[in-house]
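Observations on the three-dimensional arrangement
Listed below, chain by chain, are the residues.
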Amino acid sequence: MKLGIVVASENALPSAFAVFRGIEKSAEIIHRLGYDGMELALKESDEITHDELRAILKKNSLQVSAISTGQVFAARGLMFTDSDKERRAELWKSFTGFVDLASEFGGLVNVGRVRGSIGKRSKEEAEGLFLDLMGQVADYAEKRGVTIILEPVNRYEIDYINSVDQGAELVRKMDRPNFALMPDVFHMNIEDAHIGETLIRNREMVKYVHLADTNRLSCGDGHMDWDDIFSALGKINYNGWCSVECFPVPDAITAAERTVKFLRERYI
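Calculation criteria
Residues numbered from 1 in each chain as written. Predicted model: local features only at pLDDT ≥ 70, side-chain atom pairs only at ≥ 80, totals over all residues. Heavy atoms only, no water. Helix = DSSP H or I, 4+ residues; strand = E, 2+ residues; numbered from the N terminus. Buried < 20%, exposed > 50% of the residue type's maximum accessible area, 1.4 Å probe, protein only. Contact = heavy atoms within 4.5 Å. Patch = residues over 30% accessible without salt bridge, like charges linked within 9 Å, V, L, I, M, F, W, Y side chains within 5 Å. Areas by Shrake-Rupley, 256 points an atom, 1.4 Å probe, with all protein chains shown as cover. Salt bridge = Lys/Arg side-chain N within 4 Å of Asp/Glu carboxyl O. Lys, Arg positive; Asp, Glu negative; His and termini not counted. Charge placed at Lys NZ, Arg CZ, Asp CG, Glu CD. Phe/Tyr/Trp six-rings, centres within 6.5 Å; stacked < 30°, edge-to-face > 60°. Lys NZ or Arg CZ within 6 Å of the ring centre and 35° of its normal. Core = buried A, V, L, I, M, F, W, Y, C linked by side-chain atoms within 4.5 Å.

Time to look at the environment of F247. The topology assignment puts F247 in the loop between β9 (241-244) and α10 (252-266). Its relative accessible area of 33% is what places F247 among the partly exposed residues.

So this is what it looks like as structure tokens:
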């Protein structure tokens, strides 16, 4: 397994969820702490050029683990379940940009809350809108060797696809070879009765894993059953990325350092 950590650009809004901010200035710290890569939390693909990113990665011996897209929802209000044609066209443009970036860096694009909500509509209507546009994105991504990874998010943040089993059901409905699951153990701690068993049950779909403790603090600073999680990952022979998405508390460097020390000594 490889260990990454979430980084946003310097111009990300305060609401952007990332451990570090500033891709270039954070890369040296991340490498020094012992991480293998960065998960880039972007609201637009042009926040960094291919040349700039290539140079940063080479200088700091890092990889991109994935492109995450939470800011597309949080900062720009776009989502796949939206019925408005103009906003759907804007979302398509943004995601093709992310896919083009991921085709060189990491090969994975995350879909978290940007999948959208159900709201007052029927689940069937909202899901139909999701499947239509996401199907187009997945087909575009497949031609470029990129996989889309769906992140189930707990019920307090969105009303659509909360548990990993629900995510697995949607993956089956999508029926694309490059559409998979991205379990986040923080959300699983709320929604999935048995984290390890759920990972094992959906083993063939697990492509990427988010890590944080039960309180969203550094791994090891809550009451998460890490033995259960990493035992399950071992049983399914998972060898992909585990990416840290914890609060930068008391500060980003301390949180990242605590987490990498905890995980390297015990599991990765």
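Following the structure, the description resumes.
Considering the arrangement of structural elements, one finds G222 in the loop between β8 (209-211) and α9 (226-235). Judged by relative accessible area, G222 falls into the partly exposed class, the value being 34%. It is 8.8 Å that separates the C-alpha atoms of G222 and A212, two residues lying 10 residues apart in sequence. Apart from the residues lying within four places of it in its own chain, the contact partners of G222 are D213, T214 and N215.

Turning to a nonpolar patch on the surface, a few remarks are in order. Judged by side-chain polarity, F17, F247 and V249 come together as a nonpolar surface patch covering roughly 220 Å² of accessible area. Of note, V249 is situated in the loop between β9 and α10. Classification of V249 by relative accessible area gives partly exposed; the value is 41%.

Further remarks concern a negative patch on the surface. A cluster of like negative charges, contributed by E197, D225, D227 and D228, occupies part of the molecular surface. Within the element layout of this structure, E197 appears in helix α8 (residues 195-201). Residue classification places E197 among the partly exposed positions, given a relative accessible area of 47%.

Within this structure, the stated rule accounts for 11 aromatic pairs. Geometrically, the ring pair formed by F17 and F247 is edge-to-face, given 5.5 Å between the ring centres and 65° between the ring planes. Remark: F247 occurs in the loop between β9 and α10 and F17 occurs in the loop between β1 (2-8) and β2 (20-21); sequence separation between them is 230 residues. Judged by its relative accessible area of 30%, F17 is partly exposed. For the pair W226 and F262, a centre-to-centre distance of 6.3 Å together with 65° between the ring planes defines the contact as edge-to-face. Placement of the pair is W226 in helix α9 and F262 in helix α10, with a sequence separation of 36 residues. Here F262 falls in the buried class, since its relative accessible area comes to 14%. In textbook terms, an aromatic cluster arises when at least three aromatic residues are bridged by ring pairs, as seen for F80, F95, F98, F130, Y160 and F179. Across the ring face of Y140, the terminal group of R144 is positioned such that the distance to the ring centre comes to 3.5 Å.

Looking now at the nonpolar core. Generally speaking, a soluble globular protein has its nonpolar side chains buried in company with each other. Counting 91 residues, the largest nonpolar core has F20 and M38 as its most contacted members. Looking at this core, the element that brings in the most residues is helix α5 (residues 123-142), giving 8 residues. Setting aside residues up to four positions removed in sequence, M38 forms contacts with I5, V7, I23, A27, I30, I56, L57, L62, Q63, V64, S65 and A66. A8, A12, A16 and A41 belong to the second largest nonpolar core, which has 6 residues in total.

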